[in-house]
Amino acid sequence: MKRINRMNRKMIRKIALAVGVSLAFSGCGGIGNSANPNSGVSGEVYAMDTYMTYTLYGDRAQEAADEVLKEIERLDALLSTEQAQSEIYILNQNKGGVLSEDTAFLWDYSRRISDETQGAFAVGIYPVMKLWGFGEEKQQVPDEEALKEVLPFVDLAKAEWTEQSKLLTLPEGAAVDFGGIAKGYTGYRLRELLKQFGIEHALINLGGNVQLIGSKPDGTSYRIGIKDPMGGASPVGVLSVKDVAVISSGGYERYFEEGGIRYHHIIDPATGYPAESGLASVTIVAEDGTLADAYSTALYVMGLDKACSFWRERPETFQAVFVTEEGKILITKGLEGVFTSPSKYETIK
Ligand code: ADP
Ligand code: MG
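On a predicted model such as this, the values are computed, not experimentally measured, just so you know.

Undergrad: Help me understand the sheet that holds strand S7 (residues 167-169), please; the structure alone is not making it clear to me.
TA: Read from one edge to the other, the open sheet built from 3 strands follows the order S5-S7-S6, with strand pairing classed as antiparallel. The open sheet has two edge strands, strand S5 (96-98) and strand S6 (160-162), and neither has a second partner. Here the strands of the sheet are splayed against their neighbours by 5° on average, with no regard to which way each runs. Pairing analysis gives 3 bridges linking S6 to S7, with the strands arranged antiparallel. If you follow Glu-160 over to S7, its bridge partner there is Thr-169.

Have a look at this one:
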């Protein structure tokens, strides 16, 4: 019951939130952990400000499910920017500290992605998020002057990092936020954990961030629907995939309205305002969930043209589905034969 209780007021507040990908014919369901020899062991939990579900198949699935919950809760308690005892909260308060294994990995990883994406992915975005009130009860359009003041801290150029001692020192005014990468990383960690339990088939949905292990138990691919970012009931397309992460970012996921204008939670680090790149959503398909999550956020900020060039420089590393604000759908070449859609779509080569 503890797990259900965790789905408290936040759950009620957030249950209406759209998630990036929906599960088409996944056979996923159930409250808490429930076992059924044919449908595997399923469970759900509210963590990282979102609703998470999982279905595991294998002899040790029940045992593994308990560990999945523990790992999700451990990472949530570590990475949350809002929970007063989290490592990140304390780090931001103290403007530095010695990082644990997970956060040191994420710090290194995020910095590399920031370089690669020329700052589109910015782990130092927290002071801006805070002004907008994302992650808190109330959101508002910040004062322009206040935004201008915090913007210089976002690139973390002045942060000091000692690899050997894992000591990070942040300049006054700077603060980190792993929100753009945490769920992908969690999926990656769960994948590693489940391997230790001999789980060869699993579907984990971390609030629309999907991590697959292997195929469905019958050997066929999972069918992962890509949510219509315009709010339509049916998915814009379906990916038939195995053993990958499928992660979406879009302005439709979390937003508020003020003066008739919609403001969403993915920020262009160059301006401090919600990214207006002409994209409605970006879905990344990659083996590594951490990478998929970081890239989905970054490519959403970049916009279609830059995102296409970025993909062409590393066409083997990941694949993507883009939906533009005009409703145009584009897929990268590696998804030919994997993506199906009732609508017209273009292939990027
Ligand atoms: P979601 O968390 O809804 O799945 P994302 O993976 O795109 O979507 O992450 C959005 C979150 O990432 C924001 O809530 C914020 O914590 C953080 N964020 C916002 N803008 C950026 C950015 N430009 N770079 C890195 N992280 C960002
Ligand atoms: Mg992301």
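Undergrad: In this structure, what is going on with the coordination of the magnesium ion (ligand 2)? I would like to understand it.
TA: Six octahedral donors around a metal ideally make angles of 90 or 180 degrees; four tetrahedral donors ideally make 109.5 degrees. Here the magnesium ion (ligand 2) is held by the protein donor atoms Gly-180 (O), Asp-293 (O), Asp-293 (OD) and Thr-297 (OG1), which lie 2.0 to 2.4 Å from it. Mapped onto the sequence, the donors of the magnesium ion (ligand 2) take the spacing G-x112-D-x3-T. In this pair, Asp-293 and Thr-297 both sit in helix H9 (residues 289-302), 4 residues apart, roughly one turn of the helix. In this structure, Asp-293 and Thr-297 share a single accessibility class: buried.

Undergrad: Looking at this model, I keep getting lost on the site of ligand 1. Mind explaining?
TA: With respect to spatial proximity, 19 residues lie near ligand 1, and among them Ala-122, Asp-177, Ser-249, Glu-253 and Thr-297 are the closest. Taking Ser-249, its side chain carries an N or O atom lying 2.6 Å from an oxygen atom of ligand 1. The fraction of the free accessible surface of ligand 1 (570 Å²) that becomes covered by protein chains is 94%. In terms of residues, the shell around ligand 1 owes the most to one element, H9, which gives 3 residues. The class makeup of the residues in the shell around ligand 1 is 9 nonpolar, 6 polar and 4 charged.

Undergrad: Looking at this structure, I do not really get H9. What am I missing?
TA: The terminal C-alpha atoms of H9, which comprises 14 residues, lie 20 Å apart, in line with the 20 Å expected from a rise of 1.5 Å per residue. Burial analysis of H9 places 14 of its 14 residues in the buried class, the great majority of the element. Positive backbone phi, approximately 90°, marks Gly-303, located one or two places after H9.

Undergrad: I would appreciate a short explanation of the packing of aromatic side chains in the present structure.
TA: For any pair of aromatic rings, the description rests on two quantities: the centre-to-centre distance and the angle between the ring planes. Under the defined criterion, the tally for this structure stands at 15 aromatic pairs. Aromatic pair Phe-105 and Tyr-188: ring centres 6.4 Å apart, planes at 10°, arrangement stacked. Taken together, the residues Phe-105 in helix H5 (residues 101-116) and Tyr-188 in helix H8 (residues 182-196) connect sequence positions 83 residues apart. Residue classification places Phe-105 among the partly exposed positions, given a relative accessible area of 31%. Classification of Tyr-188 as partly exposed rests on a relative accessible area of 27%. Ring geometry for Phe-134 against Phe-256: centres 5.7 Å apart, planes inclined by 55°, an arrangement best described as tilted. Of the two residues, Phe-134 is situated in the loop between helix H6 (126-132) and helix H7 (144-150) and Phe-256 in strand S13 (residues 255-258); the sequence distance between them amounts to 122 residues.

Undergrad: How do you make sense of H8 when you look at a structure like this?
TA: Owing to its 3.6 residues per turn, the α-helix aligns residues three or four sequence positions apart on the same side. Look at H8: 22 Å from first C-alpha to last across 15 residues, which is about the 21 Å you get at 1.5 Å a residue. Buried within H8 are the following residues: Ala-182, Lys-183, Gly-184, Tyr-185, Thr-186, Gly-187, Leu-190, Arg-191, Leu-193 and Leu-194. A positive phi of about 65° marks Gly-198, the residue just after H8.

Undergrad: Quick question: what am I supposed to make of the nonpolar core here?
TA: Nonpolar side chains in soluble globular proteins tend to be buried together. Ranked by size, the top nonpolar core spans 73 residues in total, and within it Leu-194, Leu-299, Phe-318 and Phe-322 carry the most contacts. Contact partners of Phe-318, with chain neighbours within four places excluded, come to Ile-284, Val-285, Ala-286, Leu-291, Tyr-295, Leu-299, Phe-310 and Trp-311. If you look at the next biggest cluster of nonpolar residues, it comprises 20 residues, including Leu-239, Val-285, Ile-329 and Val-338.

Undergrad: Could you clarify how one ought to interpret the environment of Gly-97 in this entry?
TA: Within the secondary structure, Gly-97 is located in strand S5. For Gly-97 and Trp-161, which are 64 residues apart along the polypeptide, the C-alpha to C-alpha distance reads 9.9 Å. Every residue in contact with Gly-97, bar those within four places of it in the chain, is listed here: Leu-91, Lys-166, Leu-167 and Leu-168.

Undergrad: What should I look at first to understand the environment of Ile-113 in this one?
TA: By secondary structure assignment, the location of Ile-113 is in helix H5. Residue Ile-113 is classed as buried on the basis of its relative accessible area of 0%. The spacing of Ile-113 and Leu-291 is 178 residues in sequence and 8.3 Å in space, taken between C-alpha atoms. Once residues within four sequence positions are removed from consideration, Ile-113 is found in contact with Phe-121, Ala-294 and Tyr-295.

Undergrad: Any chance you could explain the packing of helix H3 (residues 61-79) against H5 here in plain terms?
TA: In helix packing, the relevant descriptors are the interaxial angle and the interaxial distance, both defined with respect to the helix axes. At their nearest, the axes of H3 and H5 sit 10 Å apart, and the two run at 65° to each other. The orientation of H3 with respect to H5, classified from their angle, is roughly perpendicular. The crossing of H3 and H5 is right-handed. Together, Arg-74, Leu-75, Leu-78 and Leu-79 of H3 and Asp-102, Thr-103 and Leu-106 of H5 make up the contact between the two elements.

Undergrad: I would appreciate a short explanation of the packing of H3 against H8 in the present structure.
TA: Axis separation between H3 and H8 bottoms out at 10 Å; the angle between their running directions is 150°. For the pair H3 and H8, the sense of crossing is right-handed. The residues of H8 that touch H3, namely those facing Ala-64, Glu-67, Val-68, Glu-71, Ile-72, Arg-74, Leu-75 and Leu-79, are Ala-182, Tyr-185, Thr-186, Arg-189, Leu-190, Leu-193 and Leu-194.

The rules behind each value
- Residues numbered from 1 in each chain as written.
- Chains lettered and ligands numbered in written order.
- Predicted model: local features only at pLDDT ≥ 70, side-chain atom pairs only at ≥ 80, totals over all residues.
- Heavy atoms only, no water.
- Pairing = 2+ DSSP bridges.
- Helix = DSSP H or I, 4+ residues; strand = E, 2+ residues; numbered from the N terminus.
- Axes fitted to C-alpha atoms, helices over the stretch in contact; angles between N-to-C directions.
- Donors = N, O, S within 2.8 Å, 3.2 Å for Na, K, Ca; no water.
- Buried < 20%, exposed > 50% of the residue type's maximum accessible area, 1.4 Å probe, protein only.
- Near = heavy atom within 4 Å.
- Polar contact = N/O pair within 3.5 Å; in protein donor to acceptor, adjacent residues only side chain to side chain.
- Areas by Shrake-Rupley, 256 points an atom, 1.4 Å probe, with all protein chains shown as cover.
- Nonpolar A, V, L, I, M, F, W, Y, C, P; charged D, E, K, R; others polar.
- Expected span 1.5 Å × (residues − 1).
- Phe/Tyr/Trp six-rings, centres within 6.5 Å; stacked < 30°, edge-to-face > 60°.
- Core = buried A, V, L, I, M, F, W, Y, C linked by side-chain atoms within 4.5 Å.
- Contact = heavy atoms within 4.5 Å.
- Parallel < 35°, antiparallel > 145°, perpendicular 65-115°, else oblique.
- Left-handed = near helix turned anticlockwise from the far one by under 90°.

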